[in-house]
Amino acid sequence: MSLFRETADVSVRPAVPGDDVAMTAIQVGAWRSSHAEILGADVLDALDTVRMREQWAAAISSPPGPGFGVLVACVGAEVVGFAAVAPGQVLALEVEPRHQRGGHGSRLLSAAVDRLRRDGAEEVVTWVLDGDTARETFLAGAGLGPDGRTRTLATGVRDVVERRWAAEI
């Protein structure tokens, strides 16, 4: 048995072209696992996965401006999660359901906060769907909390409410 390996067992790195395929599959799988009751089958069935993949590919290869970026969590070479950041915000953080509770979300959030700090942010904010108690528990454990702001998103099938969570960094 070798003491050292050529690659890390788990890691977080910047996303590269081609990661968009895994990211889309992870997002759809995580949403189906975590948000089925909140969003409903009608919304999940209406997801345009081709468009989602195109949007992730563009976010990776052509970020819309300074402070935008995409990170991926890996087990070996396999992408198992991702986080997208914008100035002061974590726009998305998803881990493939069979890899949840393995520390990937925490590594992604930590790397995202490091990126935000490096870009000059003093606060991190993110949005949580009403009823997503697992994400609320995760974020609370990381030191974020609801700040009282809400927004309603039109999904095209039904409206959903999100609550803003924030923390000083």
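Small disclaimer: the values here were computed from a predicted structure and weren't measured. (Residues numbered from 1 in each chain as written. Predicted model: local features only at pLDDT ≥ 70, side-chain atom pairs only at ≥ 80, totals over all residues. Heavy atoms only, no water.)

Participant: Is there a simple way to explain the packing of helix H1 (residues 19-34) against helix H4 (residues 49-61) in this structure?
Facilitator: Packed helix pairs are specified by the crossing angle of their axes together with the interaxial distance, meaning the distance between the axes. For the pair H1 and H4, interaxial distance at closest approach is 9 Å and the crossing angle is 130 degrees. Taken together, H1 and H4 sit at an angle that is classed as oblique. As H1 runs across H4, the sense of the crossing is right-handed. Each of Asp19, Asp20, Val21, Met23, Thr24, Gln27 and Val28 in H1 lies in contact with H4, whose residues at this interface are Thr49, Met52, Arg53, Trp56, Ala57 and Ile60. Split into classes, the residues belonging to the contact of H1 with H4 amount to seven nonpolar, three polar and three charged. (Axes fitted to C-alpha atoms, helices over the stretch in contact; angles between N-to-C directions. Helix = DSSP H or I, 4+ residues; strand = E, 2+ residues; numbered from the N terminus. Parallel < 35°, antiparallel > 145°, perpendicular 65-115°, else oblique. Left-handed = near helix turned anticlockwise from the far one by under 90°. Contact = heavy atoms within 4.5 Å. Nonpolar A, V, L, I, M, F, W, Y, C, P; charged D, E, K, R; others polar.)

Participant: Can you walk me through the pairing of strand E7 (residues 159-168) in this structure?
Facilitator: Residues in a regular strand project their side chains so that they alternate between the two faces of the sheet. Bridge count for strand E5 (residues 123-129) against E7 is seven bridges, and the pairing is antiparallel. Bridged to Val128 within E7 is Arg163. Relative to E7, strand E6 (residues 145-154) runs antiparallel, the two being bridged by seven bridges. Within E7, the residue paired with Thr152 across the bridge is Val161. (Pairing = 2+ DSSP bridges.)

Participant: Teacher, can you tell me more about the pattern of salt bridges here?
Facilitator: Pairs may arise between side chains of opposite charge once their charged atoms sit close together. For the structure on display, the rule yields 13 salt bridges. In this structure, the salt-bridge partner of Asp19 is Arg13, at a minimum N-O distance of 2.7 Å. On the basis of relative accessibility, which here comes to 7%, the residue Asp19 falls in the buried class. Counted as one network, the salt bridges with shared partners bring together Glu78, Glu96 and Arg98. (Salt bridge = Lys/Arg side-chain N within 4 Å of Asp/Glu carboxyl O. Buried < 20%, exposed > 50% of the residue type's maximum accessible area, 1.4 Å probe, protein only.)

Participant: Any chance you could explain the pairing of strand E2 (residues 69-75) here in plain terms?
Facilitator: Of all the seven residues making up E2, six are buried; the element is thus mostly covered by neighbouring parts of the structure. By the bridge criterion, five bridges tie strand E1 (residues 10-14) to E2 in an arrangement that is antiparallel. Across the sheet, Ser11 pairs through a bridge with Cys74, a residue of E2. Pairing geometry for E2 and strand E3 (residues 78-86), over seven bridges, is antiparallel. When the bridges of E3 are listed, Val70 appears paired with Ala84. Where E2 folds back on E3, the antiparallel hairpin that results is connected by two residues, among which Gly76 adopts a positive phi of roughly 60 degrees.

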